[in-house]
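Architecture at a glance
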Amino acid sequence: MVSTSRPPEAQNSGCQYLPCPISLDATRSPNQELLPLTAQINSRDCLEIGGCDVPALVQQFGSPLYILDEETLRTACRQYQDAFKRHYPGASQVLYASKAWSCLAVDAIVGSEGLGIDVVSGGELYTALQAGINPNKLYLHGNNKSIAELTLAVEANCIVVVDNWQELHNLAKEKSGISKPIRIMLRLTPGIECHTHEYIRTGHLDSKFGFDPSQLDEIFRFVSQQSTLNCLGLHAHIGSQIFERQPHQDLAGVMVEWLNRANGYGLPVSELNLGGGLGIRYVESDDPPSIEEWVKTICEAIQAAAQARALPLPKLLCEPGRSLIGSACVTAYTIGSTKVVPGIRTYVAVDGGMSDNPRPITYQSVYRAVVANRMSEPSTQKVTIAGKHCESGDILVKAIDLPEVKSGDTLVIMGTGAYNYSMASNYNRLPRSAAVVVSRGEANLIVRRETYQDLIQQDCLPVRLKQS
Ligand code: LLP
């Protein structure tokens with residue numbers, strides 16, 4: 001079992017732990033924290049993560065800077081796996097949904113913990129293969145996979161999570177010409193609603209993902225007739241940033257019923273993948289279940305549903321993204337200009353924004369922030385953290401209590417590990433930010449900061465357009 005207690009060096013460093021609401025309680029899961037598990041305040045009154053002083057990291061690597069705490073990510077991986085060992089007597093496999101953050105180092109870390117990886121494009125697949133992930137643990141998703149993506153996956157011996165009829169036909173022997181067995185899972189839309197942002201809900205019937213369950217019999221019949229398609233199991237994913245446990249409990253029942261029906265067609269389907277979706281705590285009022293509670297819920301629900309139908313326990317998979325990596329990372333910015341609109345609002349601008357974190361403008365997501373170079377200074381003002389993009393909606397945090405801030409201060413926004421780097425853009429031609437992984441006082445670059453040269457690297461200037 002993995003301990004969530006602090007590393008010994010943190011216990012003896014004389015560092016003070018952070019005050020509420022960013023206090024670190026060792027009994028909580030990473031997905032219930034605002035800051036990474038190794039966060040502390042050092043003798044310079046600065047935020048330290050993974051034993052590294054955050055303002056010093058900004059000095060060394062520049063800002064905006066994604067700072068990934070290796071221990072928090074590894075702890076979350078182990079919490080998922082340990083929970084399965086405790087609550088599920090059958091086989092299980094945890095996959096990391098790499099759409100949350102796909103890069104070599106992240107894939108390598110989760111892979112070294114024994115997790116498989118869910119990839120959703122040729123690019124994510126290529127990254128995972130380059131990171132050395134065992135192809136037997138790689139699952140290719142996507143609602144419109146290209147032939148090139150399918151070929152890459154099949155040739156590398158990955159598992160394809162088939163989303164629709166066109167893909168099924170493309171993979172069937174007569175169309176693909178492939179004669180070796182292809183391992184597939186079938187993604188089905190369960191018709192389960194959950195309370196999360198409309199854009200990140202996928203389980204309801206009116207979704208672009210997965211087969212419509214009204215066609216189950218047709219699908220199972222077709223697959224059972226394809227000698228080259230080896231259908232391992234069924235998949236469903238109902239949405240993201242979910243705090244309720246009931247939808248996944250319901251999903252377990254629905255999926256065991258589907259499995260029963262598939263077996264009726266002679267399909268030796270024995271694996272169920274319940275997707276990801278466990279939410280994390282971005283602000284104090286968020287109260288997601290712990291990883292342990294979430295895993296326990298799905299394990300018990302699957303066991304109960306299998307028992308009720310006298311079915312053997314399926315191999316159980318899940319593919320979390322956010323709850324593995326979300327709380328493991330913060331983004332450090334340098335504060336620049338401040339604008340006071342008397343009686344209305346004070347804008348404090350940072351050197352990044354919607355290009356490194358598009359979640360607030362896309363989903364109205366909320367975040368918390370601290371001034372990393374003066375951690376114990378009391379809050380005296382309410383400010384709005386603005387990005388530097390030419391877009392009024394480029395606001396990272398609305399109305400947050402902070403100490404007096406000045407140009408040059410380091411502002412840290414917490415919980416930026418999931419869907420920040422992976423959704424980053426070059427809007428306004430801002431170079432994409434660098435990322436470091438920190439552990440036991442060491443910081444290693446895992447993504448280089450883009451340069452202006454990188455920005456024009458793919459541009460082509462036809463000769464006739466060249467300025468004389
Ligand atoms: N499996 C499938 C098939 C998925 O579509 C997703 C997320 C996951 C697993 C992982 O879900 P998680 O455990 O991370 O909730 N960009 C949005 C989130 C989009 C989620 C897309 N699918 C955001 O920033 O909130």
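Our subject in this report is the structure included herewith. Fair warning: this is a prediction, and the values are worked out from it, not measured in the lab. (Residues numbered from 1 in each chain as written. Predicted model: local features only at pLDDT ≥ 70, side-chain atom pairs only at ≥ 80, totals over all residues. Heavy atoms only, no water.)

1. Considering unusual backbone geometry
- Cis rather than trans, the peptide bond between S63 and P64 has omega equal to -5°.
- Within the secondary structure, P64 sits in the loop between helix 2 (54–61) and strand 4 (65–69).
- A positive phi angle, close to 45°, is found at A399, a residue other than glycine.
- The topology assignment puts A399 in strand 17 (residues 395–402).
- For A399, a relative accessible area of 41% corresponds to the partly exposed category.
- Even without being glycine, R429 reaches a positive phi, approximately 55°.
- Positionally, R429 belongs in the loop between strand 18 (410–414) and strand 19 (434–439). (Helix = DSSP H or I, 4+ residues; strand = E, 2+ residues; numbered from the N terminus. Buried < 20%, exposed > 50% of the residue type's maximum accessible area, 1.4 Å probe, protein only.)

2. Topic: the packing of aromatic side chains
- Enumeration according to the criterion identifies eight aromatic pairs in this entry.
- Ring plane angle 35° and centroid distance 5.6 Å describe the contact between W101 and Y421, whose orientation is recorded as tilted. In this pair, W101 sits in the loop between strand 5 (92–97) and helix 4 (104–112) while Y421 sits in the loop between strand 18 and strand 19, placing the two residues 320 residues apart along the sequence.
- Take W101: its relative accessible area is 0%, and that puts it in the buried class.
- Among the aromatic side chains, those forming a connected cluster through ring pairs are Y66, W101 and Y421. (Phe/Tyr/Trp six-rings, centres within 6.5 Å; stacked < 30°, edge-to-face > 60°.)

3. Quick look at the packing of helix 10 (residues 246–264) against helix 11 (residues 291–308)
- Taken N-terminus to C-terminus, the directions of helix 10 and helix 11 make an angle of 30°; their axes are 8 Å apart at the nearest point. Between helix 10 and helix 11 lies a crossing whose hand is right-handed. In this structure, helix 10 contributes H248, Q249, A252, G253 and V256 to the contact, and helix 11 contributes W294, T297, I298, A301, I302, A305 and A306.
- Here the contact of helix 10 with helix 11 is composed, by residue class, of eight nonpolar, four polar and no charged. (Axes fitted to C-alpha atoms, helices over the stretch in contact; angles between N-to-C directions. Left-handed = near helix turned anticlockwise from the far one by under 90°. Contact = heavy atoms within 4.5 Å. Nonpolar A, V, L, I, M, F, W, Y, C, P; charged D, E, K, R; others polar.)

4. Topic: the site of the ligand
- The environment of the ligand is formed by 19 residues, the closest being S240, E319, R359, Y363 and Y419.
- A distance of 2.8 Å separates a nitrogen atom of the ligand from a polar atom in the side chain of Y363.
- Isolated, the ligand exposes 580 Å² of accessible area, and the fraction of that covered by the protein chains is 92%.
- If you count residues domain by domain, the shell around the ligand takes at least three from each of domain 1 (8–68 + 328–455) and domain 2 (71–326). (Near = heavy atom within 4 Å. Polar contact = N/O pair within 3.5 Å; in protein donor to acceptor, adjacent residues only side chain to side chain. Areas by Shrake-Rupley, 256 points an atom, 1.4 Å probe, with all protein chains shown as cover. Domains from an automatic or database assignment.)

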